[in-house]
Amino acid sequence: MLNDLTLSQIGMRLMAIVIIAGLHGATVAGTAVLLGDKGLRHDGRLTPVPFAHLDLFGTLAAVVTGIGWTKPVIIDANALRFGRTGLVVVVLAGTVALIVMAMVCLSLVRPALEGLSYSVGLTAAATLRTAARLCLWMAILNLLPIPPLSGAHLLAAVGLKVPVQVAWGTTALLLVLLATGVLHSVLMPVFAFLASAVAGSALSGG
């Protein structure tokens, strides 16, 4: 995964994660607010501005490996209308938002190719496909109940609390698994199925 990394890929992935971070972070925070956690109105996360949601390690992982994550949103389960069950709704909302964004990105590929100049159109189309792939990878990754992913809320949903020290350890492990390609290989069948369902052959190759 790292051997064929190019400057153009780095640029496209960086642009993609910046855009995606705003959507995913705002969706997760907004869903939590709708379910009753009003505290998120005041912590700067209820915004589509991407820089409020970017995670240093998650962004680095996205740029280098094509799979990343955003900054975790702190949610007060006791304030949610459905209690801890609301955490599951929040995680699923973030996943659905990512899948929808992947579909939107792919729907813009043809207009970009037809409406822009040749070189600009090719660059825009490649960036849109990169963003779509990253969206789908993040949709899958964020269902894993592992800090610092949004899926960690699923642990809280069943009453499990993860110490900060463990969260740092799982972050390091996640980076290693991504850098070595292990996680990519394990999750590829899921990605292939989802990509086929969403985009047919448009995202072949992962």
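Residues numbered from 1 in each chain as written. Predicted model: local features only at pLDDT ≥ 70, side-chain atom pairs only at ≥ 80, totals over all residues. Heavy atoms only, no water.

**Comments concerning the overall build of the chain**
Broken down by element type, the chain carries 8 helices and 0 strands. Traced from its N-terminal end to its C-terminal end, the chain shows the element sequence α-α-α-α-α-α-α-α. Its C-alpha atoms give the chain a radius of gyration of 17 Å, near enough to 17 Å, the size a compact globule of 206 residues would have. Considering only C-alpha atoms, the chain reaches an extent of 55 × 35 × 30 Å along its principal axes. (Helix = DSSP H or I, 4+ residues; strand = E, 2+ residues; numbered from the N terminus. Rg over C-alpha atoms; globule rule 2.2 N^0.38 Å.)

**Some details on the side chain of Thr170**
Inspection of the secondary structure assignment puts Thr170 in helix H7 (residues 164-179). Of note is the side chain of Thr170, whose polar atom sits 2.7 Å from the backbone oxygen of Pro147. Among the polar contacts made by the side chain of Thr170, one reaches the main-chain carbonyl oxygen of Ala167 at a distance of 2.8 Å. If we ignore the near neighbours within four places in the chain, the residues touching Thr170 are Ile146 and Pro147. (Polar contact = N/O pair within 3.5 Å; in protein donor to acceptor, adjacent residues only side chain to side chain. Contact = heavy atoms within 4.5 Å.)

**Structural notes on the packing of aromatic side chains**
Going through the model one piece at a time under the given rule, you end up with 2 aromatic pairs. With 6.2 Å between their ring centres and 85° between their planes, Phe57 and Trp168 make a pair best called edge-to-face. Taken together, the residues Phe57 in helix H2 (residues 56-65) and Trp168 in helix H7 connect sequence positions 111 residues apart. Judged by relative accessible area, which is 31%, Phe57 ranks as partly exposed. Taking 4.5 Å as the distance between ring centres and 5° as the angle between the ring planes, the aromatic pair formed by Trp137 and Phe191 counts as stacked. Of this pair, Trp137 sits in helix H5 (residues 118-141) while Phe191 sits in helix H8 (residues 182-199), and the two are 54 residues apart along the sequence. (Phe/Tyr/Trp six-rings, centres within 6.5 Å; stacked < 30°, edge-to-face > 60°. Buried < 20%, exposed > 50% of the residue type's maximum accessible area, 1.4 Å probe, protein only.)

**Some points on the nonpolar core**
Counting 39 residues, the largest nonpolar core has Ile20, Leu136 and Leu141 as the members making the most contacts within it. Among the secondary structure elements, those contributing two or more residues to this core are helix H1 (7-34), H2, helix H3 (85-107), helix H4 (109-115), H5, H7 and H8. The dominant element in this core, judged by the number of residues it contributes, is H5, at 12 residues. In this view, Leu141 contacts Ile67, Gly68, Trp69, Leu149, Leu174, Leu183 and Leu187; residues no more than four positions away in its chain are not counted. Counting residues in hydrophobic clusters, the runner-up holds 13 residues, among them Val28, Ala32, Val73 and Val90. (Core = buried A, V, L, I, M, F, W, Y, C linked by side-chain atoms within 4.5 Å.)

**Overview of the pattern of salt bridges**
Oppositely charged side chains may form a pair once their charged atoms are brought near each other. Enumeration over the complete set of coordinates arrives at 1 salt bridge. Here Glu114 makes a salt bridge to Arg110, at a shortest N to O gap of 2.8 Å. Within this pair, Glu114 and its partner Arg110 are both found in helix H4, separated by 4 residues, close to a single helical turn. A single burial state applies to Glu114 and to Arg110, both of which are exposed. (Salt bridge = Lys/Arg side-chain N within 4 Å of Asp/Glu carboxyl O.)

**So, unusual backbone geometry**
Here the bond from Pro147 into Pro148 is cis, since omega is 10°, no more than 30 degrees from zero. Structurally, Pro148 is set in the loop between H5 and helix H6 (153-157).

**Side note on the layout of surface pockets**
Size it by volume and the largest pocket reaches roughly 750 Å³. Looking at the largest pocket, it is lined by 27 residues, and the ones nearest its centre are Ile74, Pro147, Ala152, His153 and Val162. Where the lining of the largest pocket is concerned, the elements lending two or more residues are H6 and H7. Looking at the lining of the largest pocket, the element that brings in the most residues is H7, giving 4 residues. Tallied by class, residues from the lining of the largest pocket come to 19 nonpolar, 4 polar and 4 charged. (1 Å grid on protein atoms, 1.4 Å probe; cavity = no way out; pocket = protein on both sides within 12 Å on 5 of 7 lines; lining within 4 Å. Points joined across faces, edges and corners; volume = space filled by probe spheres on them. Nonpolar A, V, L, I, M, F, W, Y, C, P; charged D, E, K, R; others polar.)

**Remarks on the packing of H1 against H3**
Helix-helix packing is described using two parameters, namely the angle between the two axes and the distance between the axes. With their axes 9 Å apart at the nearest point, H1 and H3 run at an angle of 145° to one another. Once H1 is placed against H3, the crossing between them reads as right-handed. Residues Ile19, Ile20, Leu23, His24, Thr27, Val28, Thr31 and Ala32 of H1 pack against Val89, Val90, Ala93, Gly94, Ala97, Leu98 and Met101 of H3. In terms of residue class, the contact of H1 with H3 is made up of 11 nonpolar, 4 polar and no charged. (Axes fitted to C-alpha atoms, helices over the stretch in contact; angles between N-to-C directions. Left-handed = near helix turned anticlockwise from the far one by under 90°.)

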